[in-house]
Amino acid sequence: MVEIVFLTPFITGIVAFFLPKAMGRQVLVGTGAIHLILSLLLWMNRPEAILNGYFAVTPEGLLSLLVISLLFFLISVYTMGYLKASEIQSENIFIGSMILFLSTMTMVTLSDHIMVFWIAIEATTLASAPLIYTHRSSASLEATWKYVLICSVGIAMALLGSVLITLSLEIGNVDVPLSFSALTQVAAKLDPLWLKAGFVFILVGYGTKMGLAPMHTWLPDAHSEAPSPASALLSGVLLNCAYLGIFKTHKIMYAAGLSDFSGTILVAFGLMSILAAATFILKQNEYKRMLAYSSIENMGIIAFGTGIGGIAVYGAVICMIHHSLIKSSLFLSSGNILLGYGDRMIHRTGDMVSRMPKTFVAFFAGFAGISGFPPFGIFIGELFIIVGAFRTGHYIAAGIFILSLCFIFAGFANQVMKISFDDFKQGDSGKTMGLTEKAGMVWPQYILLLTSLMLCFFIPDTLYQTIVDAVTAIGGGLK
Amino acid sequence: MMHPVDTILSLVLLSVLFSFGSSRLPGLILVVGFQGIVASIVPFFIGHGMSAGGVIFTFVTLAVRGIIIPMSIYWVIKKVAIRREVEPIIGYHASIFCGLGLIVAATFISRQLNIPTISDYTLLFPAAIALLVSGMFLLMARRNAIAMVLGYIMMENGIYLIGTTFSVRARHIVEFGILLDVLAGVMIMAIILQNIKQTFDDVDTALLRTLKD
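Residues numbered from 1 in each chain as written. Chains lettered and ligands numbered in written order. Predicted model: local features only at pLDDT ≥ 70, side-chain atom pairs only at ≥ 80, totals over all residues.

Counting its secondary structure elements, chain A contains 19 helices and zero strands. Here chain A has a C-alpha radius of gyration of 21 Å; the compact-globule value for 479 residues is 23 Å, and the two agree. Viewed in the frame of its principal axes, chain A has a C-alpha envelope of about 70 × 55 × 45 Å. Burial analysis of chain A (479 residues in total) assigns 63% to the buried set. Intrachain contacts of chain A at a sequence separation of at least 6 include 83% that bridge at least 24 residues. (Helix = DSSP H or I, 4+ residues; strand = E, 2+ residues; numbered from the N terminus. Rg over C-alpha atoms; globule rule 2.2 N^0.38 Å. Buried ≥ 20, exposed ≤ 12 C-beta atoms within 10 Å, placed from the backbone. Contact = placed C-beta atoms within 7 Å.)

The structure is reproduced here in structure tokens:
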């Protein structure tokens, strides 16, 4: 049963490579819908996996899975309109890769064996590489090359980390399966030295994929060169998948009583990412790169919160969910802007408020949400993280955190104002608006933002319970 | 007495030096292929009692790491007739000197660590560390994109060499999955290399620096 959730898109993904254009789009949306239903069934029933020991349903995995599934469905609806409006060569490769990407990410969320987890993460890199190269330009080629090479090398580090954890098992003389859940149970008996070394390598490895500074260099390139639906997937859910690996390893560290060690490193990497994002966002002149740096910032916030512990972990998970919802809506809106103005540079856009009013509403609301304004969820998440940091006496770290957020807000606001309200100067090419805002290309963003809004006021009990289950395993909670 | 594993591993250490001094790509590919073969046959000598599945898996690994992966890179060179220099950022003499330092450091570190399970095989851990670090060195110190991919493969071989000693626990199916990922990764890199050559007419990564802030 558990395996069906990732096998279904795997099969349809392969089939989609050979389908004609018209059918491919329907298959994309159909797979998204089926996947959403399967994920909801999985959420309600929480069955045992057939390949027990390799796959398992865990609270943190379920949270990511539901986010992936919801996002993919909405993004696939958007993609229908996007593909009609833009010209993409070899559309079947694009659609096939999208679906395979969904399959591999689903596999990540359901993996329990540490090596299977690694295999799934590396598979996400491979499945998403063709997405970045969709436009077949020299810039997109460069972005793909950097993405594949940097991520593969990074993830190789995570493989080394996983091997070192095996070594800690060997030296500690424990005989259990190599799954995250089994390792967490016997964590106290593992050799602490090798466990620490393993954690560092895993953090560097999956951290590369998650976009933590200073290993983030591939991220702005890949996110800006990929077509917007793919960027939305990369930013909204792929980064969470990589975070899941760090989360699960941190869980072993917590159970082994080494959470001080791993927490400190997480805090350091988190702050570094937020600072790096603050530096680059201020002088950014491309809007998609700006959104990419904002993703680095948010991943930094999540890592920071996870490292602080206590109530901040709860905040980090809240941030993770809402970042996915809001950031993917922003990337989809950026797709509309790109189609409308035909340019990625901020100074070649302008006056969006009257030219594309519906996209403007989505983009501006998304901006408010991602900057941490109430009533969107990131506000609550960041508040919990700051409270957690003060409670645990991380005064300096909290100071840097708050200051960087202010800088990022300033930079972000400046650029968004330019896009929205500046006068639009017609370029040399004399390009005019190429997009009428079709319902299918604005409603997905609205639904994503409304979901974020709704989750702020009302969290269903089952969702709340799952979040609490996930965070108590690494010493978090609302107390 | 010296264990046979140590004898072949000493060749791996020498091959690291060779790869640092090698200026031409075909030579580098041969070295990487050799390292792949050694990394995949080492489990044969480290007696964990091989099952039939284990033997088959070892042969598959040998075929992939020692033959298919190096051949696919060689095929890229043939197909796009790329200039066969590796375009060093750090010169060859300096590279060899770094290599020597690396081998000494790797041996020293593994003595300090003193891991009980592999204490019979003196050179296993040093060879693995040397492969890992020299792969990274090639990634950083060469501008030619193919040399960088070869560096990545070298790193993977190093990790496999460490992993193979502790992987009694990991099932073959899992190891097979890892192997498949690495293979698919190299294939995708090979495709990207061809596209880079077609677009830029060279595989010098200095051309790939237009995207920045």
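Now that the structure is up, let's keep going.
With that settled, consider the overall build of chain B. Check the secondary structure of chain B and you find seven helices and zero strands. Counting from the amino terminus, helix and strand elements in chain B follow one another as α-α-α-α-α-α-α. Over its C-alpha trace chain B gives a radius of gyration of 18 Å, about what one expects of a compact globule, namely 17 Å for 213 residues. Principal-axis analysis of the C-alpha atoms places the extent of chain B at approximately 50 × 35 × 35 Å. For chain B, buried positions account for 46% of its 213 residues. Residue pairs in contact within chain B that sit at least 24 positions apart in sequence constitute 76% of those at least 6 positions apart.

Another point: the interface of chain B and chain A. Contact residues are listed per partner, giving 31 residues for chain B and 30 residues for chain A. Looking at the side of chain B that touches chain A, the elements that each hand over two or more residues are helix H6 (145–166) and helix H7 (172–200) of chain B. No other element matches the 13 residues that H7 of chain B contributes to the side of chain B that touches chain A. Taken together, the residues of the side of chain B that touches chain A sort by class into 20 nonpolar, seven polar and four charged. (Nonpolar A, V, L, I, M, F, W, Y, C, P; charged D, E, K, R; others polar.)

Attention now goes to unusual backbone geometry. Put simply, alanine 213 of chain A and proline 214 of chain A share a cis peptide bond, and its omega is 0°. Position of proline 214 of chain A among the secondary structure elements: in the loop between helix H8 (192–210) and helix H9 (218–225). A cis geometry characterises the amide bond from proline 374 of chain A onward to proline 375 of chain A, with omega recorded as 10°. Structurally, the position occupied by proline 375 of chain A is in the loop between helix H15 (357–370) and helix H16 (377–391). We note that serine 90 of chain A has phi near 35°; this positive angle belongs to a residue other than glycine. Looking at the secondary structure, you find serine 90 of chain A in the loop between helix H3 (59–85) and helix H4 (91–110). Not every positive phi belongs to a glycine, and aspartate 201 of chain B is a case in point at roughly 65°. Within the secondary structure, aspartate 201 of chain B is located in the segment after H7. Look at aspartate 201 of chain B and you get exposed, because 11 C-beta atoms sit within 10 Å.

Let us now look at the environment of serine 328 of chain A. Residues and elements named next belong to chain A. With respect to the element layout, serine 328 can be found in helix H13 (residues 311–341). With 116 residues separating them in the primary sequence, serine 328 and proline 444 have C-alpha atoms 9.7 Å apart. Leaving out residues up to four positions away in the same chain, serine 328 has contacts with Leu71, Ile75, Ala232, Ser235, Gly236 and Leu448.

This part takes up helix H19 (residues 461–472) of chain A. Each full turn of the α-helix corresponds to 3.6 residues, which orients residues three or four apart in the same direction. Residue and element names in this part refer to chain A. The end-to-end C-alpha distance of H19, which contains twelve residues, comes to 16 Å, matching closely the 16 Å that a straight helix rising 1.5 Å per residue would cover. Inspection of H19 places Thr466, Ile467, Ala470 and Val471 among the buried residues, and these make up the whole buried set. The buried residues of H19 all sit within an arc of 125° when viewed along its axis, so they share a single face. Exposed residues lying more than 90 degrees from the buried face of H19 are Asp461, Thr462, Tyr464 and Gln465. The inward-facing, buried residues of H19 abut H3 and H13. (Expected span 1.5 Å × (residues − 1). Arc of directions from axis to C-beta.)

Right, let's talk about the environment of glycine 21 of chain B for a bit. All names here are of chain B. For glycine 21, the location among the structural elements is in helix H1 (residues 4–21). Each C-alpha atom of the pair glycine 21 and phenylalanine 57 lies 33 Å from the other, and the pair is 36 residues apart in sequence. Contact partners of glycine 21, with chain neighbours within four places excluded, come to Tyr92, Ser95 and Ile96.

The description of two helices packed together rests on the angle between their axes and the distance between the axes. Residue and element names in this part refer to chain A. The geometry of helix H5 (residues 114–132) relative to helix H6 (residues 138–171) is characterised by a closest axis approach of 10 Å and an angle of 180° between their N-to-C directions. Taken together, the axes of H5 and H6 are roughly antiparallel relative to one another. Along its contact with H5, which presents Ile114, Met115, Trp118, Ile121, Glu122, Thr125, Ala129 and Ile132, the element H6 presents Ser140, Ala143, Thr144, Tyr147, Val148, Cys151, Ser152, Ile155, Ala158, Leu159, Ser162 and Ile165. A per-class count over the contact of H5 with H6 returns 14 nonpolar, five polar and one charged. (Axes fitted to C-alpha atoms, helices over the stretch in contact; angles between N-to-C directions. Parallel < 35°, antiparallel > 145°, perpendicular 65-115°, else oblique.)

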